[in-house]
Amino acid sequence: MNRTSLLLSSTLVLLSGCASIPEPLRGDFPTSTPAQADGNAQAVRWGGRVIDVLPESGQTCLEVLGMPLNASARPLDLDADIGRFRACKSGFLDPAVFISGREVTITGRVDGEVTRQIGDYSYRMPKVSVDALLLWPERPEIEQIRIHSDPFFGPWWGPAPVVMYPWPLARPHERR
């Protein structure tokens, strides 16, 4: 019985570490979204995809398309738009690293609003003074797989095995 409880508790500890929030992003934050921000210096933890990088004198601002966060504070890979925000951090953030489409999560305080012209539309968004910024690693792309049933096996030899080949590669018996 003691061995079982030890195994169960160690499994729970390991599993709880899988969904933990990275240290710089930890803390208690309200569940408001950029679209709901009222600009009253509230503390926020928001994330999303980088739209634009705006280097300025002494700071760099990221324009971010806000997205809901998962249990690890990483933006969910959805087409959900919870509003744009501008995240400004002192120092230089290289536009070659913070390219359009990369996922970020920030913590900081809402520091007013900014207006940006998007086509003919004047878009007002909250401006956040960043305390912590995390650029997430790129998500791996899933290869397309072609499923092929080998013709040399059939009902006489049992069920035909299914062989999977990555899409760009030809079947072994095909010549290029």
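Relevant structure appears above.
First, a word on what this report is: a plain description of the structure on this page. (Residues numbered from 1 in each chain as written. Predicted model: local features only at pLDDT ≥ 70, side-chain atom pairs only at ≥ 80, totals over all residues. Heavy atoms only, no water.)

Digging into the overall build of the protein
Short version of the rule: Secondary structure follows DSSP: runs of H or I at least 4 residues long count as helices, runs of E at least 2 residues long count as strands, and numbering of each begins at the N terminus. A simple rule labels every residue: compare its accessible area, found with a 1.4 Å probe on the protein chains alone, to the largest value its type can have, and call it buried under 20%, exposed over 50%, or partly exposed in between. Contacts are assigned to residue pairs that have any heavy atoms within 4.5 Å of one another.
The secondary structure content of the protein amounts to one helix and seven strands. Listed by position from the N terminus, the elements making up the protein come as α-β-β-β-β-β-β-β. Split into buried and exposed, the 176 residues of the protein put 29% on the buried side. A separation of at least 24 residues holds for 56% of the contacts in the protein among residues at least 6 apart in sequence.

Concerning the sheet that holds strand β1 (residues 43-55)
Hydrogen bonds along the backbone pair up the strands of a sheet, which may run parallel or antiparallel. Just so we agree on the cut-off: Think of it this way: DSSP has to see at least two bridges between two strands before they count as a pair. To obtain an axis, a line is fitted to C-alpha atoms, over the contacting stretch when the element is a helix, and the angle between two such axes runs from 0 to 180 degrees between their N-to-C directions.
The strand order β1-β2-β3-β5-β4 describes a closed barrel built from five strands, whose pairing is mixed. Taken over all neighbouring pairs, the strand axes of this sheet differ in orientation by 45° on average, direction set aside.

Some points on the pairing of strand β4 (residues 103-118)
Two elements, β1 and β4, share seven bridges in a ladder whose sense is antiparallel. Paired with V44 across the two strands is G108, which belongs to β4. As judged from the 13 bridges shared by β4 and strand β5 (residues 121-135), these two strands associate in the antiparallel manner. The partner of V110 across the bridge, within β5, is V128. Linking two consecutive strands that pair antiparallel, namely β4 and β5, is a turn of two residues; a positive phi of about 65° is found at G119 within it.

Looking at unusual backbone geometry
The residue A73 is not glycine, and still its phi comes out positive at about 70°. Positionally, A73 belongs in the loop between β2 (59-67) and β3 (84-90). A residue is classified by how much of its surface remains accessible, and A73, at 2% relative accessible area, is buried.

Brief notes about the side chain of R86
Looking at the element boundaries, R86 is found in strand β3. Here R86 is in contact with L54, C61, L62, E63, V114, R116, M125, P126, K127 and V128, once residues within four sequence places are set aside.

Considering the environment of R84
Definition in use: Identification of polar contacts relies on pairs of N or O atoms within 3.5 Å, with a donor-acceptor requirement for protein atoms, meaning one able to donate a hydrogen and the other able to accept it, and with residues adjacent in sequence counted only if both atoms are side-chain atoms.
Residue placement: R84 occurs in strand β3. Taking C-alpha positions, R84 is 6.3 Å from P34, a pair spaced 50 residues apart along the chain. Dropping the residues within four chain positions of it, R84 is found in contact with P34, I51, E63, V64, L65, G66, I118, Y123, M125 and P126. One polar contact links R84 to E63, side chain to side chain, over a distance of 2.7 Å.

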